[in-house]
Amino acid sequence: MHKKIVVAVSAVQFLLLAFVAIVVSDVHDRFFPEQLDVKAKVTLDFSQSDLRQEDVFQQLGAMSDRWELGLMKIAPDLRGDQSGQIFVQVGEKGDFPKRIQRFGHEPDAEIRDRRALAHSFANGDYLVTGKTDHIDELKHWLASHRVDQKWNEETLLTILQFLIVQSDFGVALLAVSALMVSLALYWLAVKAKGRALRVLAGVPTSRIQCEDFSHFLLAMVLAAAILDVLAALYVGFVYGWGFVPYYSKVLLLAEAMVISLTMACALIFSVASWPNPEMLAMREPAVKRLARSSAVLKLAVFAFVLSAVSPAVSAYTNARKTAQEQIMWKSLADQAVLVFPSRPGRAGGAEIEQLFQMLQPSVGDMVRQAEADDRVVLSKAWTEDDFAIDGMTIAPYRYMVIVNERWLDIVRKKNKGLSLVPLALEQIPKDVRQFVELSIPLYVRNQQQAQAIWHEVKMCRLTGSSPFPFVRFGGQLEFARPKEVLLLVAPHVHSLFNDNFLISVASSSELSFVGLEETQKLVSERGLQNRIRVNYMAEEGILRAQLYAYFVWLRIGSIVGLLAALAIASAISAFIMAVLKAKRDFPLRLAGASWWAVLRGRIVKEWFLGGIMVMVIMLFQGTNSWLPVGLTGALVLLALPFIHIGAAAWVFAKNSLRQL
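Residues numbered from 1 in each chain as written. Predicted model: local features only at pLDDT ≥ 70, side-chain atom pairs only at ≥ 80, totals over all residues. Heavy atoms only, no water.

Student: If you had to explain the packing of aromatic side chains to someone new, which residues and values would you point to?
Tutor: If you walk through the whole model with that rule in mind, you get 13 aromatic pairs. Taking the centre distance of 5.0 Å and the plane angle of 55° together, the rings of Tyr-399 and Phe-470 count as tilted. With Tyr-399 in strand E10 (residues 399–404) and Phe-470 in strand E13 (residues 468–472), this residue pair connects regions lying 71 residues apart in the sequence. The burial state of Tyr-399 is the same as that of Phe-470; both residues are buried. Geometrically, the ring pair formed by Phe-497 and Phe-501 is stacked, given 4.4 Å between the ring centres and 25° between the ring planes. The ring of Trp-151 carries the charged tip of Lys-139 above its face, separated from the ring centre by 5.1 Å. The residue whose ring lies beneath Lys-380 is Trp-382, and the NZ or CZ to ring-centre distance is 5.2 Å. (Phe/Tyr/Trp six-rings, centres within 6.5 Å; stacked < 30°, edge-to-face > 60°. Helix = DSSP H or I, 4+ residues; strand = E, 2+ residues; numbered from the N terminus. Buried < 20%, exposed > 50% of the residue type's maximum accessible area, 1.4 Å probe, protein only. Lys NZ or Arg CZ within 6 Å of the ring centre and 35° of its normal.)

Dropping the structure here:
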């Protein structure tokens, strides 16, 4: 009976590990595609490099062909729902299929030649799919050009890092381990009487330990084996048989870690609770020596639950924000930005500045022509910190954002409830009026517009419940609550702002153009294709936003596992305490005392210790954790009396029938 319980509960817990392995396999396939036989991945950042953007792919491709690296760049597939990926050959050599199957619900990925890199940023993730003999030479070349590089190789250590270092996977492993350790405590509790009798009969300690642990280990391994076969069949039929080897490797490694930790803790519990002759001579309950172990385990799991709640709430909040961000990035999938020479390289800073001055009229003319076709998008923001530098404030707002009607059209497509409420001049904060009146002469095309700026732009506040998105310096999306935003709406971009302002916001990705090919045509018509690159605005944002949903489910599953472990540990602890106090509780209950009167002492003691633990966790995690940790702690502590009453009632019933 007890062995069947261990097998059943173990199978349920290993089911969570099976889900963890699916997530790891999915994330792994995004960065180490199984069907490309990836040997290593490197994340490159050229922001501090002396290389020109237009030369990077050419030089990387030459090295890839020379050393047979099979170098490929990961990029999001900006077609359809923008949820997939494509892989682009950096060099020209290599025999690759046109499409590869992806893990999970991702669409099949295309393999494209190097021409697809014409409008991509050099920053990003690259895969080594060929030989690795010359990777050290590649690393040296990158370092010599001040390229930031972060390498990951496809080894067993990579899986361990995924499972342990990544907090979401680590918490899931911790949850399963805690529940399995609670199960080990249950096993020792039900075996306590038999162990004591065998000790009294003179059976060697090593034999007792070996037989008990071998039966417990066999039950866990049996559950794991059954689940592994079912999980492998599921992955093979649903995701593809080519992914089964890696998935099985991850699952077996996770199970081995959990089983090893469980057996180590079980051994510690067994040694700590080993029955001694004095206890047997005094006819004390066999489970008495487990009381301290069960109390320690219960307190430890309670601490784990409290520690995991706040990160889980944060993960859920971030997931909601990320989902909004992904929706917005998908709305910007057809947006293109201009990339200018921003690193001196062989040229000096003065020469770069001179080049910017030379490009200003051309950029202004491009904006004029694109705006005539309604293909210019402007979103520029100033924060309360920007105002604070000059000793100003924009209270009650946190952001002042200037946009054009095209940006509002994009936002309204995803936020139907957004409303703009016009503001009179006297409703605008004094410092904002001063800031605009001092700064606007530097931005506008003529001074008459500066003097009439309050007639040139509309000042509005926002109403609605959905966050308002805007672009920060560098092309990063940010979301603010509507009441935090003071909005300036420019009816026209080119006719209002001068070329110096336009090239400034274009170089910071706060001004973008609709349509990659159309924007490239604007650049080519002015003969600037060797000086200005046209890139997708949303490429990196879409790729980054695709990964976060999984981690929320992992956190939720981990919390459920930890709560189950806490329930088991609490039930065992309450049962042991009820057995030890049976001689006291039984006559009190027969005399008509309520369960609260009988159990009040042990419940209040646990409430006191639990309250201290809640306050300690709140202290260490900071004010943001107070509400989730306090609420979770209160609910758990309120449930403790019911667990104690249930255990005491069961012991009372058994005692009445002389079956305890």
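Student: Could you give me a rundown of the pairing of strand E5 (residues 109–112), with the residues and numbers involved?
Tutor: Where strand E3 (residues 85–89) and E5 come together, two bridges link them in parallel fashion. Along E5, the bridge assignment pairs Val-88 with Arg-112. (Pairing = 2+ DSSP bridges.)

Student: Explain the pattern of salt bridges residue by residue, including any values.
Tutor: All told, the structure shown has 23 salt bridges when counted by the stated rule. Between Asp-113 and Arg-115 there is a salt bridge whose closest N-O contact spans 2.7 Å. Residue Asp-113 is classed as partly exposed on the basis of its relative accessible area of 33%. Among the salt bridges present, the one from Asp-585 reaches Arg-602, with a minimum N-O distance of 2.9 Å. Placement of the pair is Asp-585 in helix H20 (residues 582–590) and Arg-602 in helix H21 (residues 595–621), with a sequence separation of 17 residues. The class of Asp-585 is buried, set by a relative accessible area of 6%. Take Arg-602: its relative accessible area is 12%, and that puts it in the buried class. The structure contains a network of salt bridges with shared partners spanning Asp-365, Arg-368, Glu-525 and Arg-526. (Salt bridge = Lys/Arg side-chain N within 4 Å of Asp/Glu carboxyl O.)

Student: Quick rundown of the nonpolar core? Include the residues and the values.
Tutor: Counting 74 residues, the largest nonpolar core has Phe-14, Leu-17, Phe-216, Tyr-247 and Phe-302 as the members making the most contacts within it. Broken down by element, the residue count for this core peaks at 16 residues, all from helix H5 (residues 167–200). Counting 50 residues, the second-largest nonpolar core is a separate cluster that includes Ile-402, Ile-453, Val-457 and Leu-486. (Core = buried A, V, L, I, M, F, W, Y, C linked by side-chain atoms within 4.5 Å.)

Student: Would you mind going over the environment of Leu-138 in detail, with residue names and values included?
Tutor: Within the secondary structure layout, Leu-138 lies in helix H3 (residues 135–144). Residue class for Leu-138 comes out buried when judged on its relative accessible area of 3%. Counting along the chain gives 74 residues from Leu-138 to Ser-64, while the straight-line C-alpha distance between them is 9.0 Å. Leu-138 has contacts with Leu-60, Met-63, Trp-67, Leu-69 and Trp-151, leaving out every residue within four places of it along the chain. (Contact = heavy atoms within 4.5 Å.)

Student: Quick rundown of H3? Include the residues and the values.
Tutor: Buried within H3 are the following residues: Ile-135, Leu-138, Trp-141 and Leu-142. Axial view of H3: buried residues confined to an arc of 120°, hence all on one face. In H3, the exposed residues that point more than 90 degrees away from the buried face are Asp-136 and His-140. (Arc of directions from axis to C-beta.)

Student: With reference to specific residues and values, describe the packing of H20 against H21.
Tutor: The interhelical angle for the contact between H20 and H21, taken along N-to-C directions, is 155°, at an axis separation of 9 Å. For the element pair H20 / H21, the angle class is roughly antiparallel. Packed against H20, whose contacting residues are Arg-584, Asp-585, Leu-588 and Arg-589, the element H21 presents Trp-595, Ala-597, Val-598, Leu-599 and Arg-602 at the interface. A per-class count over the contact of H20 with H21 returns five nonpolar, no polar and four charged. (Axes fitted to C-alpha atoms, helices over the stretch in contact; angles between N-to-C directions. Parallel < 35°, antiparallel > 145°, perpendicular 65-115°, else oblique. Nonpolar A, V, L, I, M, F, W, Y, C, P; charged D, E, K, R; others polar.)

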